[in-house]
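# Overview (structure and organization)
Residues per chain are reported as follows:
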Amino acid sequence: MRNRSLWIGFLLALGLGLSIALTQQQEVDPYKEAERQRELFRQTAGILPGELYAAQGEELFGQKRGSKNVSLEACDFGLGPGKLEGALTQLPRYFADTRRVEDLETRIVSCMVNLQGFKPEEIKRDDVKALTAFVASKSSEMPINVVPKTSQEIAMYNLGRELWYHRAGDRDMNCAICHDSYAGGKVRLSPVRSPRQGLSNEWPAYRFEADKLYTLQDRIAFCYESVSIHPPDHYSEPMIALSIYMLTEATKGKNKFTELPGFTR
Amino acid sequence: MKTRYFVGLLAMLLVGLTLSQQGPFQQRVQQAINSGGSKFAETMKQDRDQALCSQYRDKLPPEEVGAFLERQRALIKYPADGKLMGDWKQGEALFTNPRKGNCYACHTGDPKEAGAGRMGPGLVGYGQRGTSEAVVKYTYDKIYNAWASMPCSLMYRAGHHGILTPEETAHVTAFLLDPASPVNAKR
């Protein structure tokens, strides 16, 4: 028997759980609620949590670290070494030096390994998340521009589309059931969007309900857990494939990124 | 000696055949899934009909439908005592419980339940269709295995996956059909 507590975890964490449904007689609009929470942070702390993560990432980015004792300033995110402005808008993409398609998180790890000389097992997930927040902040509110061109990118997109429709687990689910068949509708209280409608355009984001920074990979993992499928490892092909699929579709739908890091429930 | 050799050869041939039935793209997909880690790969394993639904993006071509429904019907199990309508009160708890039926995620049932999802049709007043043998069986079968009447339905196969036992399925059936259930309260 597979672990069903994941499903309940999903419902509770998303605020779809019974307790919430019962205590909140009126259905709160999740967008308005996020806006309210955001203002609260602005007023009380003067800074948004996402900005704190980005600041932390900026510091890490400039520090000389790893066995080679260099900063990440020479890391090439696809626009040339050190060019961060708009870098996220064209990721994931193929990189000739690693010979693989990488998303932002994976690219950061590659640079930490190849440039700074970290061993993969030494790399802290929290560092990668903060660095992701920093680099992403340089693409805030920019149009998404992911267009698979190389054969590797096209292959990765096709893999992502296949995973998108892959029905499995004891809830017989796939991503399309919630995000295509039901886009524009609600699962319990949560409005659900399709990739064409811009799904994935607010990550990395601070989720106030979880009080944590979530990257796009974290958000994908969360949806897998919600349908009792154990999520794929970070930086693995399924993560990158689903990301390039969703962001390519979001590009076709002419979507922009939100403020980055985002602020959401 | 010779026959054994022959059988071995035949077996190898068969293995080769089944392997080659998986095209290069499907093999590549499987390789990608495996690269996500063993637990991910384990939970992403599909049965034949999950694979078929994925292949056809949840819209089966007409020539596949008959055999699909037949395979799914064969998976339905019934309570030992043969009663397909149980106790609606136990059914209500199962319908509501996110770890069990989790039916409110997609359906309204008791209209008093706030925040019900709307991915599935509304079930308020479902019992109006009566409790004839055909209606009871249709309802039981739908809950136990939604794919036995609607190929690749969004609704998961709660009984088939063991989320609901046959007895529990009968309780949920009663929650929808019993005239005393809040689903069917006079309004």
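Residues numbered from 1 in each chain as written. Chains lettered and ligands numbered in written order. Predicted model: local features only at pLDDT ≥ 70, side-chain atom pairs only at ≥ 80, totals over all residues. Heavy atoms only, no water.

UniProt feature "binding site: substrate" (unreviewed entry): in the numbering of this structure it lies at R219 of chain A. Along the polypeptide, R219 of chain A turns up in helix α9 (residues 216-226). (UniProt positions renumbered as here; feature names shortened; annotations may be inferred. Helix = DSSP H or I, 4+ residues; strand = E, 2+ residues; numbered from the N terminus.)

Right, let's get into the interface of chain A and chain B. Contacts between the two partners involve 43 residues from chain A, matched on the other side by 44 residues from chain B. Taken over both partners, the interface formed by chain A and chain B buries close to 4000 Å², and the fraction arising from carbon and sulfur atoms is 57%. Linking chain A with chain B are 4 salt bridges. Residue E237 of chain A is joined to R28 of chain B by a salt bridge in which the shortest nitrogen-to-oxygen separation is 2.7 Å. Secondary-structure elements contributing two or more residues to the side of chain A that touches chain B are α1 (5-13), α2 (18-23), α7 (151-164), α8 (175-179), β3 (186-187) and α10 (237-252) of chain A. (Contact = heavy atoms within 4.5 Å. Buried area = accessible area lost by both parts, 1.4 Å probe. Salt bridge = Lys/Arg side-chain N within 4 Å of Asp/Glu carboxyl O.)

Let's shift gears to the packing of aromatic side chains. Within the structure shown, the criterion is met by 14 aromatic pairs over all chains. Ring centres of F95 of chain B and Y104 of chain B lie 4.9 Å apart, and the angle between their planes is 85°; on these two criteria the pair is classed as edge-to-face. Y104 of chain B carries the same exposure label as F95 of chain B, and that label is buried. It is R93 of chain A that lies over the ring of F95 of chain A; its NZ or CZ is 5.4 Å from the centre. R207 of chain A extends its terminal NZ or CZ atom over the ring of F222 of chain A, reaching a point 4.7 Å from the ring centre. (Phe/Tyr/Trp six-rings, centres within 6.5 Å; stacked < 30°, edge-to-face > 60°. Buried < 20%, exposed > 50% of the residue type's maximum accessible area, 1.4 Å probe, protein only. Lys NZ or Arg CZ within 6 Å of the ring centre and 35° of its normal.)

On to the state of the cysteines, then. All names here are of chain B. One pass over the structure, following the stated rule, counts 2 disulfides over all chains. Disulfide partner of C53: C152, at an S-S distance of 2.1 Å. In this structure, the disulfide formed by C53 and C152 twists by about -90° around the S-S bond and is classed as left-handed. With C53 in helix α4 (residues 48-55) and C152 in the loop between α7 (133-144) and α8 (166-177), this residue pair connects regions lying 99 residues apart in the sequence. In this structure C53 comes out as buried when scored by relative accessible area, which is 0%. On the accessibility criterion, C152 (4% relative accessible area) is buried. (Disulfide = S-S within 2.5 Å.)

The pairing of strands in a sheet comes from backbone hydrogen bonds and takes either a parallel or an antiparallel form. Residue and element names in this part refer to chain A. Taken in spatial order, the 3 strands line up as β6-β5-β7 in an open sheet, and their pairing is mixed. The open sheet has two free edges, formed respectively by β6 (212-214) and β7 (262-264), since each of these has just one partner strand. Each strand axis lies, on average, 30° off the axis of its neighbour in the sheet, ignoring direction. Across 3 bridges, the pairing between strand β5 (residues 205-207) and β7 is parallel. Note that in β7 the partner of A205 across the bridge is G262. (Pairing = 2+ DSSP bridges. Axes fitted to C-alpha atoms, helices over the stretch in contact; angles between N-to-C directions.)

With that settled, the discussion passes to the confidence of the model for chain A. Looking at chain A as a whole, the pLDDT averages 88, with 87% of positions reaching at least 70. Under a pLDDT of 50 for its full length, residues 1-26 of chain A has, in the predicted model, 56 contacts with residues more than four places off or in other chains. (pLDDT = per-residue confidence, 0-100.)

Attention shifts here to the nonpolar core. In this structure, F77 and W164 of chain A are the most contacted members of the largest nonpolar core, which totals 96 residues. Of all the elements, α10 of chain A adds the most residues to this core, at 9 residues. Two domains each provide a minimum of three residues to this core, namely domain 2 (53-137) and domain 3 (151-264) of chain A. Contact partners of F77 of chain A, with chain neighbours within four places excluded, come to F61, L84, A87, Q90, L91, R93, F95, L104, R107, I108 and V135 of chain A. Counting residues in hydrophobic clusters, the runner-up holds 8 residues, among them L52, F68, L69 and W147 of chain B. (Core = buried A, V, L, I, M, F, W, Y, C linked by side-chain atoms within 4.5 Å. Domains from an automatic or database assignment.)

Turning to the UniProt feature "active site" (unreviewed entry) in chain A, a few remarks are in order. Residue and element names in this part refer to chain A. Using the residue numbers shown here, the UniProt feature "active site" (unreviewed entry) corresponds to C223. Its place among the elements puts C223 in helix α9. On the basis of relative accessibility, which here comes to 27%, the residue C223 falls in the partly exposed class.

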